[in-house]
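# Coordinates in review
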Amino acid sequence: MLIGVPKEVKNHEYRVGLVPGSVRELVTNGHQVMVQRGAGAKIGFEDAAYAHVGATIVETAEEIFKRADMIIKVKEPQAQECKMMRENQILFTYLHLAPDPEQAKLLQDSGCIAIAYETVTDRHGGLPLLAPMSEVAGRMAIQAGASCLEIAKGGSGILIGGVPGVAPAKVVVLGGGVVGTNSVRVAMGMGAQVVVIDKTIQRLYHLDLQFGSKITTIYSTTDAIEEHVLSADLVIGAVLVPGGHAPKLVTKAMLKKMRPGSVMVDVSIDQGGCFETSRPTTHQDPTYVVDGVVHYCVSNMPGGVPRTSTFALNNATLPFILKLANLGYKQAMHEDAHLLNGLNVFKGKVTHKAVADALSQEYIAASSVI
Ligand SMILES: NC(=O)c1ccc[n+]([C@@H]2O[C@H](COP(=O)([O-])OP(=O)(O)OC[C@H]3O[C@@H](n4cnc5c(N)ncnc54)[C@H](O)[C@@H]3O)[C@@H](O)[C@H]2O)c1
């Protein structure tokens, strides 16, 4: 199969669909890979590294979209990319189509086969191609929060791990899923006093087993959230209600009673945020202050560490990419129901129920078109 990796075009997006090591795997399996010149240059993957493992370096995205059987990307295709997609061409990337009818229409019009990373499933009911980015964001949340606690950033001037004789910061993590677990791990490693609050007892049970008595697990109620948030130095918002808006767990009234210089990192901001005072920010201007409390609400946190994120994403996507390339999309999806769940658009039809519902379009089961 001829596989194409265009350079990402979204503003400040430096991740890339394939690292050189993944290209090597594909080439070893008998496939050809085209990589657009400079696609990975910003994160240390020079064109020469791709050429060294057998990729062909091409000058333009147009050439890639014109010739490749399968396009591998990171971000959802922008309008100019959608317009280059062709009938029967496979697109494997994050799509996030539910809130994006324009992109959906362009992909439908192209007749392509669009498989979304974010709806591929695993046998534990998880989303294995979303999880790596949650891992990155969860770990980064503590790094960002610790930095915001510095006095020059508007924080209270508390060192997250304290020093001998001086107490560490209290870190409260709301939501103990993938993001939350990774935040807990890093906060604990830095020596913070960690409290994690979740509404699922099973999650708390697993966190308790994993981290033992070094953390405190608390069942989520308004009362418990208020008690712990008011005494926190750093609060991480990491809740998710699948398919819905994040619940506003920290209200404006609660915020007013927090200690000035406390820090809130709202990782859930991509689902609307779980603090009433959250609004999306960017890596260029990541924080703002409300009632003396520093808010960090960057909606694409993994984009800030694109090299790590690209490796993490590739580790998860490569087995599926190999399957698609080795077997062809039909057989690959026949054999793997989890990959089939990734199919969002097939030659004009919307083949994912939640996406079809969100777009108010007719839903055609993926299994009926493959
Ligand atoms: N900002 C970013 O760059 C970025 C990056 C990755 C993920 N995210 C977002 O982070 C959020 C968390 O993702 P995840 O992968 O950890 O999800 P997850 O499903 O693994 O975990 C979410 C947890 O929230 C808990 N929860 C739900 N409602 C709750 C409540 N009322 N009180 C306490 N806990 C509650 C659930 O029980 C679950 O354990 C999502 O919104 C995701 O989109 C953002």
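Now for a quick tour of the structure. (Residues numbered from 1 in each chain as written. Predicted model: local features only at pLDDT ≥ 70, side-chain atom pairs only at ≥ 80, totals over all residues. Heavy atoms only, no water.)

Judged by pairing direction, the sheet is mixed, and its seven strands sit side by side in the order 9-8-7-10-11-13-12 without closing on themselves. Strand pairing shows two members of the sheet lacking a second neighbour, strand 9 (215-219) and strand 12 (287-290), which therefore form its edges. Taking each pair of neighbouring strands and ignoring which way they run, the sheet shows an average axis angle of 20°. One ladder, built from four bridges, connects strand 12 with strand 13 (residues 293-296); its direction is antiparallel. (Pairing = 2+ DSSP bridges. Helix = DSSP H or I, 4+ residues; strand = E, 2+ residues; numbered from the N terminus. Axes fitted to C-alpha atoms, helices over the stretch in contact; angles between N-to-C directions.)

Time to look at the site of the ligand. Lining the immediate surroundings of the ligand are 28 residues, of which Ser 134, Val 179, Asp 198, Asp 270 and Met 301 lie closest. At 3.2 Å from an oxygen atom of the ligand is found a main-chain nitrogen or oxygen belonging to Leu 240. In this structure, an oxygen atom belonging to the ligand sits 3.2 Å away from a main-chain N or O atom of Ser 299. Taken by itself the ligand offers 870 Å² of open surface, and the protein chains cover 86% of this. Put simply, the parts of the chain that give the shell around the ligand at least two residues each are helix 6 (131-148), helix 7 (178-189) and strand 8 (193-198). Of all the elements, helix 6 adds the most residues to the shell around the ligand, at three residues. Counted by class, the shell around the ligand contains 14 nonpolar, 10 polar and four charged residues. (Near = heavy atom within 4 Å. Polar contact = N/O pair within 3.5 Å; in protein donor to acceptor, adjacent residues only side chain to side chain. Areas by Shrake-Rupley, 256 points an atom, 1.4 Å probe, with all protein chains shown as cover. Nonpolar A, V, L, I, M, F, W, Y, C, P; charged D, E, K, R; others polar.)

Across all of its chains, the model carries 14 salt bridges by this definition. Salt-bridge contacts for Lys 73 lead to Glu 8; the nearest nitrogen and oxygen are separated by 2.9 Å. You can see Lys 73 sitting in the loop between strand 4 (70-72) and helix 4 (79-82) and its partner Glu 8 sitting in the loop between strand 1 (2-5) and helix 1 (20-28), a full 65 residues away along the chain. When sorted by exposure, Lys 73 lands in the same class as Glu 8, which is buried. (Salt bridge = Lys/Arg side-chain N within 4 Å of Asp/Glu carboxyl O. Buried < 20%, exposed > 50% of the residue type's maximum accessible area, 1.4 Å probe, protein only.)

The next thing to look at is the sheet that holds strand 14 (residues 343-346). Sheet architecture is open: eight strands sit in the order 3-2-1-4-5-6-14-15, paired in mixed fashion. Each edge of the sheet is formed by a strand with only one pairing partner; in this case those strands are strand 3 (56-58) and strand 15 (349-350). Bridging between strand 4 and strand 5 (residues 90-93) involves three bridges; their strand directions are parallel. Residue Ile 72 lies in a different strand from strand 5, and its bridge partner there is Phe 92. Strands in contact with helix 11 (residues 306-335) are strand 1, strand 4, strand 5, strand 6 (113-116) and strand 14; relative to strand 5, the strand with the most contacts, it is inclined by about 150°. (Contact = heavy atoms within 4.5 Å.)

So, on to the side chain of Asn 344. Looking at the secondary structure, you find Asn 344 in strand 14. When its relative accessible area of 0% is taken as the criterion, Asn 344 is described as buried. For Asn 344, the side chain forms a polar contact with the side chain of Thr 119, separated by 3.1 Å. Here Asn 344 is in contact with Leu 95, Leu 97, Ala 114, Ala 116, Glu 118, Thr 119, Lys 349, Val 350, Thr 351, His 352 and Val 355, once residues within four sequence places are set aside.

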